[in-house]
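The lines below spell out each chain.
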Amino acid sequence: MALDSISETIAHFVGTFELTIEQSRLRDQYEEFTALRRKAEVEGLDDPASIHIKADLDIPAGEYKALPYSFQPSEPEMPLPAAPLGPVSEAVIVLDGPGEPVRYVPENEISDTGPSSFVQLIILQPETVPLGSAVTVTVQTVYMRDNDVVGDGDFRDPEALMVQGEQMLDMALSLHAIAAPSFSLADYQSTEMLAALADQMANPMISDIEGVTVHQFHGDDAMGVIVNGEYVTDAPEWKDLLPEYHQPDDTENTAELPYPEEWDQSKDPEFDDGHLVVTGGNVAINAMAATVAWVDAPIIAVGGLAVSLTAISQVAVVSDWDQGEPGTGSGTNIVQTSQIEVESKTAPWLGASSGAAAAAPIVIVDHVQGDLVVANFIKQDIDATDIDQIETEISASSTMYALGDNEMYNVSDLIQLGNYYDVIIIDGNMISVDVVNQTLVLVDDDVISGGMDPAMDEDEAGGDENLVMNEASVKTVGDDTYQDMSQEMSDTMALADDDIAALEDALMNNPDFAGMEQIRVLKIDGDLVQVNVVEQTTVVQDQDDIELSGPDASQTEVVAGSNALLNSASVTKMGVDSTIMAANGAYSDLLLHQASLLDMPTNEDITAMTNEAIAAIMSDMSVAKPDAALALTAPTTDTTTNDDGLQTVLA
């Protein structure tokens with residue numbers, strides 16, 4: 001008999017309920033069965049959660065003997081291998097190299113290779129570095145030959161142009177106030193060499209080459225922030241001075257997009273509409289920073305002479321003679337900044353003693369039997385040529401030639417941390433030398449036919465300007481004052497070097513340390529030598545030949561300049577305010593030397609060259625010479641003149 005719908009629903013519910021109860025009952029039985037089976041598998045174990053291993057490790061006496069072993073004789077001291085002659089991959093290791101590093105140029109020079117860099121690591125022999133000292137020698141070099149040729153035009157000889165760059169470098173090196181700094185530690189430990197350096201600083205060289213601008217400051221006059229020979233409040237920032245080509249894109253409009261900027265694929269980010277030829281736009285940066293906090297003390301007693309020399313020599317030489325249509329020319333901005341400052345910092349532990357006044361202080365002596373040296377020698381070189389030659393027709397819907405836009409970097413960052421003391425006693429001399437030598441050379445003599453300068457307006461064309469910048473900073477934290485040797489300290493220094501007990505007794509009875517719980521002493525039998533030498537040289541040749549033709553040549557944006565060169569050096573010496581007592585006197589000097597030569601045509605040069613060119617043409621055509629009004633509006637056909645000083649030197 002069929003059931004009605006309600007009865008059928010109830011019957012289904014009852015059946016489902018019985019099945020659910022049965023499943024639960026069977027699950028309980030299965031879990032019990034599984035537990036019993038697993039218990040049977042581990043029946044022999046006391047506790048299934050732990051495993052006990054039993055082993056009889058008793059070794060009967062006399063049954064086993066130790067294996068025979070005898071120490072082999074030590075290997076004889078083998079000589080170190082000779083230094084490689086050239087770069088191995090990207091590193092050159094020079095063993096026992098107290099001499100100056102050599103500027104390396106590959107033998108098989110290929111003019112169309114891309115940039116390459118290598119690091120020369122000089123390892124000093126252990127006996128040349130005193131114990132407790134720190135000496136670093138870093139040599140970084142970027143060597144690039146990116147000379148591209150597109151098409152077949154009336155181009156200049158790249159080899160002859162590179163010779164011109166070498167001559168400019170030689171001239172730039174001759175414009176420094178002092179000789180190239182030595183990379184030999186022994187030179188800075190010699191009083192004769194220090195006297196020669198001090199004499200060069202007192203009587204620096206001033207070049208008599210026509211067109212060279214020189215600014216020199218001595219002593220306290222070199223303190224502060226000085227930019228191109230002028231005192232300023234704040235030094236300019238590198239990123240703010242960069243050419244327009246290297247400035248970040250304006251993102252004001254993209255901020256309104258409802259999605260991230262990188263999602264916008266409406267245009268190819270590497271190939272936009274329009275016509276662009278880039279033969280410049282190179283970036284070359286030498287940058288180093290050193291923070292040195294090795295040893296210092298509120299009181300320093302020197303048995304010999306205390307010498308402190310700081311010299312910054314900056315040279316920038318630029319040749320920017322461009323040939324082309326009226327208005328052609330990139331221009332160059334030369335910026336040389338120096339910042340020398342001394343910041344006072346009292347030793348924070350002075351006057352903080354809480355011990356009893358009558359308690360004798362504890363004297364802790366660190367004894368250096370010899371010289372104590374902390375020295376950093378850093379040499380950074382960039383040697384690059386980007387001599388591009390292009391002859392092409394601009395007739396496509398969009399065009400882009402990227403022949404330049406290279407980026408070259410040498411970066412070094414050093415941090416050296418040591419100890420502070422309450423008193424430093426030096427039997428020999430106390431020597432502190434900081435030398436920063438910076439050289440920049442840019443050759444941007446372009447020949448351009450066709451195209452337009454970027455960012456041109458109706459009044460001027462300055463969007464393709466180069467930036468050449470030397471930036472140096474020497475900061476000393478801890479102001480040093482000099483005074484005569486006190487009698488108590490003189491008697492202390494007269495004690496024998498090995499009589500540490502007498503030294504401790506003399507210091508405990510010195511009124512300068514009264515009330516102190518402990519006196520930390522650094523005793524140096526020899527000299528204390530602190531040296532930071534930085535030499536940075538950047539040479540970039542961007543002499544381009546550009547010949548553009550076709551219906552869109554006049555609408556093609558040409559970036560033949562926009563090169564950015566930077567030498568940046570920062571030395572920070574951390575310490576505390578010190579009173580220095582030198583038995584043989586003290587000598588200190590500061591020198592800032594800024595020399596620059598910007599060789600580029602002026603309006604008078606262009607007018608004179610225009611008159612000469614038109615006169616020559618008219619003479620060949622056997623016609624009368626034009627009047628002055630015509631000469632001033634005539635296009636320039638020749639941009640070389642023997643009246644230019646730098647061109648005469650390089651001829």
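Just above, that's the structure.
Residues numbered from 1 in each chain as written. Predicted model: local features only at pLDDT ≥ 70, side-chain atom pairs only at ≥ 80, totals over all residues. Heavy atoms only, no water.

Novice: A description of the sheet that holds strand E26 (residues 557-559) should follow, citing residues and the corresponding values.
Specialist: The three strands lie next to each other as E16-E8-E26, forming an open sheet whose pairing is parallel. Edge positions in the sheet fall to strand E16 (398-402) and E26, since each of these pairs with one other strand and no more. Ignoring strand direction, the axes of neighbouring strands in this sheet form an average angle of 15°. (Pairing = 2+ DSSP bridges. Helix = DSSP H or I, 4+ residues; strand = E, 2+ residues; numbered from the N terminus. Axes fitted to C-alpha atoms, helices over the stretch in contact; angles between N-to-C directions.)

Novice: Tell me about unusual backbone geometry, and name the residues and values.
Specialist: Unusually for a residue other than glycine, Asp405 sits at a positive phi of about 60°. The residue Asp405 is located in the loop between E16 and strand E17 (407-420) in this model. Even without being a glycine, Ser562 presents a positive backbone phi close to 55°. Of note, Ser562 is situated in the loop between E26 and strand E27 (564-574).

Novice: Got a sec to walk through the environment of Pro158? Specific residues and values, please.
Specialist: Its place among the elements puts Pro158 in helix H2 (residues 158-173). With a relative accessible area of 23%, Pro158 lands in the partly exposed category. Pro158 sits 11 residues away from Asn147 along the chain, and the two C-alpha atoms are 8.0 Å apart. In this structure, Pro158 is in contact with Ile387 and Gln389, ignoring residues within four places of it in sequence. (Buried < 20%, exposed > 50% of the residue type's maximum accessible area, 1.4 Å probe, protein only. Contact = heavy atoms within 4.5 Å.)

Novice: An account of the packing of aromatic side chains is requested, with residue identities and associated values reported.
Specialist: By the definition in use, this model includes four aromatic pairs. Where Phe217 meets Tyr231, the ring centres are 5.6 Å apart and the plane angle is 70°; that geometry is what we call edge-to-face. Linking Phe217 in strand E5 (residues 213-218) with Tyr231 in strand E7 (residues 230-232), this pair joins segments that are 14 residues apart in sequence. The rings of Phe183, Tyr188 and Phe377 are connected pair by pair, giving a single aromatic cluster. We note Arg520 situated over the ring of Trp349; from NZ or CZ to the ring centre the distance is 4.8 Å. (Phe/Tyr/Trp six-rings, centres within 6.5 Å; stacked < 30°, edge-to-face > 60°. Lys NZ or Arg CZ within 6 Å of the ring centre and 35° of its normal.)

Novice: Kindly report on the nonpolar core, identifying the contributing residues and their values.
Specialist: Inside soluble globular proteins, nonpolar side chains tend to come together where they are buried. Core analysis: the largest hydrophobic core is formed by 23 residues, its most contacted members being Ile178, Met201, Phe377, Val433 and Val531. Elements with a minimum of two residues in this core: helix H3 (185-188), helix H4 (191-202), strand E11 (306-319), strand E14 (372-385), strand E19 (430-443) and strand E24 (528-541). Here the element with the most residues in this core is H4; it accounts for four residues. Each residue touching Val433, except ones within four places of it in the same chain, is listed here: Tyr188, Leu194, Leu197, Leu309, Gln530, Val531 and Asn532. In this structure, Ala297, Ala306, Ile426 and Leu522 belong to the second largest nonpolar core, which totals 20 residues. (Core = buried A, V, L, I, M, F, W, Y, C linked by side-chain atoms within 4.5 Å.)

Novice: Describe the layout of surface pockets, with residues and values.
Specialist: Considered as a void within the structure, the second largest pocket measures approximately 770 Å³ in volume. Contributing to the lining of the second largest pocket are 42 residues, with Ser308, Thr476, Gly478, Asp480 and Lys573 lying nearest its centre. A per-element tally of the lining of the second largest pocket places strand E9 (residues 283-296) first, with five residues. Here the lining of the second largest pocket is composed, by residue class, of 22 nonpolar, 12 polar and eight charged. (1 Å grid on protein atoms, 1.4 Å probe; cavity = no way out; pocket = protein on both sides within 12 Å on 5 of 7 lines; lining within 4 Å. Points joined across faces, edges and corners; volume = space filled by probe spheres on them. Nonpolar A, V, L, I, M, F, W, Y, C, P; charged D, E, K, R; others polar.)

Novice: Tell me about the sheet that holds strand E23 (residues 518-524), and please be specific about residues and values.
Specialist: If you walk across this open sheet you meet the six strands as E13-E23-E18-E10-E28-E22, and the pairing is parallel. The outermost strands of the open sheet, each flanked by one partner alone, are strand E13 (362-368) and strand E22 (480-483). When strand polarity is set aside, the average angle formed by the axes of neighbouring strands in this sheet is 20°. Relative to strand E28 (residues 578-582), E22 is paired through four bridges, and the arrangement is parallel. Looking at E28, one finds that Asp480 is bridged to Ser578. The strands touched by helix H7 (residues 500-508) within the sheet are E13, strand E18 (423-426) and E23, with E13 carrying the most contacts at an inclination of about 130°.

Novice: Go over a nonpolar patch on the surface, please, and point to the residues and values.
Specialist: On the surface, a cluster of nonpolar side chains totalling about 610 Å² of accessible area is made up of Ile6, Ile10, Phe13, Val14, Phe17 and Ile21. Its location among the elements puts Ile6 in helix H1 (residues 5-41). Residue classification places Ile6 among the exposed residues on the basis of a relative accessible area of 57%. (Patch = residues over 30% accessible without salt bridge, like charges linked within 9 Å, V, L, I, M, F, W, Y side chains within 5 Å. Areas by Shrake-Rupley, 256 points an atom, 1.4 Å probe, with all protein chains shown as cover. Salt bridge = Lys/Arg side-chain N within 4 Å of Asp/Glu carboxyl O.)

Novice: Go over the pattern of salt bridges, please, and point to the residues and values.
Specialist: Summed over all chains, the structure comprises nine salt bridges. Lys379 is paired through a salt bridge with Glu535; the nearest N and O atoms lie 3.5 Å apart. Of the two residues, Lys379 is situated in strand E14 and Glu535 in strand E24; the sequence distance between them amounts to 156 residues. Exposure class is identical for Lys379 and Glu535. Each is buried. The shortest N-O distance in the salt bridge between Asp434 and Lys573 comes to 2.6 Å.

Novice: Run through the pairing of E9, naming residues and quoting values.
Specialist: A regular strand carries its side chains on alternate faces of the sheet. Most of E9 is tucked away: 12 of the 14 residues are buried. Of the pairings in the sheet, the one linking E9 to E17 comprises 13 bridges and is parallel in character. When the bridges of E17 are listed, Ala289 appears paired with Asp413. The pairing of E9 with E27 spans 10 bridges and is classified as parallel. The residue of E27 that forms the bridge with Ala289 is Ser570.

Novice: Describe the environment of Leu350, naming the residues involved and giving the relevant values.
Specialist: Among the structural elements, Leu350 can be located in the loop between strand E12 (332-343) and E13. Put simply, Leu350 and Phe513 are 163 residues apart on the chain and 9.8 Å apart in space, counted from C-alpha to C-alpha.

Novice: Can you explain the side chain of Asn286? Please cite residues and give values.
Specialist: Note on placement: Asn286 falls in strand E9. Within the structure, Asn286 has its side chain in polar contact with the side chain of Asn410 (distance 3.0 Å). From its side chain, Asn286 meets the backbone oxygen of Thr537 in a polar contact 3.3 Å long. Apart from the residues lying within four places of it in its own chain, the contact partners of Asn286 are Gln380, Asp381, Ile382, Asn410, Gln536, Thr537, Thr538, Leu566, Asn567 and Ser568. (Polar contact = N/O pair within 3.5 Å; in protein donor to acceptor, adjacent residues only side chain to side chain.)

Novice: Hey, could you go over the environment of Asp208 for me, with residue numbers and the actual values?
Specialist: Within the fold, Asp208 resides in the loop between H4 and E5. Note: C-alpha distance between Asp208 and Leu175 (33 residues apart in sequence) is 9.2 Å.

Novice: Explain H2 to me, using residue names and the numbers behind them.
Specialist: Taking 1.5 Å of rise per residue, 16 residues should cover 22 Å, and H2 covers 23 Å from first to last C-alpha, within 8% of that figure. Those residues of H2 that sit buried are Leu161, Met162, Gln164, Gly165, Met168, Leu169, Met171 and Ala172. (Expected span 1.5 Å × (residues − 1).)

Novice: Explain H4 to me, and be specific about the residues and the numbers.
Specialist: Given a rise of 1.5 Å per residue, 12 residues ought to cover 16 Å, and the 16 Å separating the end C-alpha atoms of H4 matches this to within 8%. Turning to H4, its buried residues are Leu194, Leu197, Ala198 and Met201. Angularly, the buried residues of H4 cover 100° about the axis, an arc narrow enough to put them on a single face. Next to the buried residues of H4 lie H3, E5, E11, E19 and strand E29 (586-599). (Arc of directions from axis to C-beta.)

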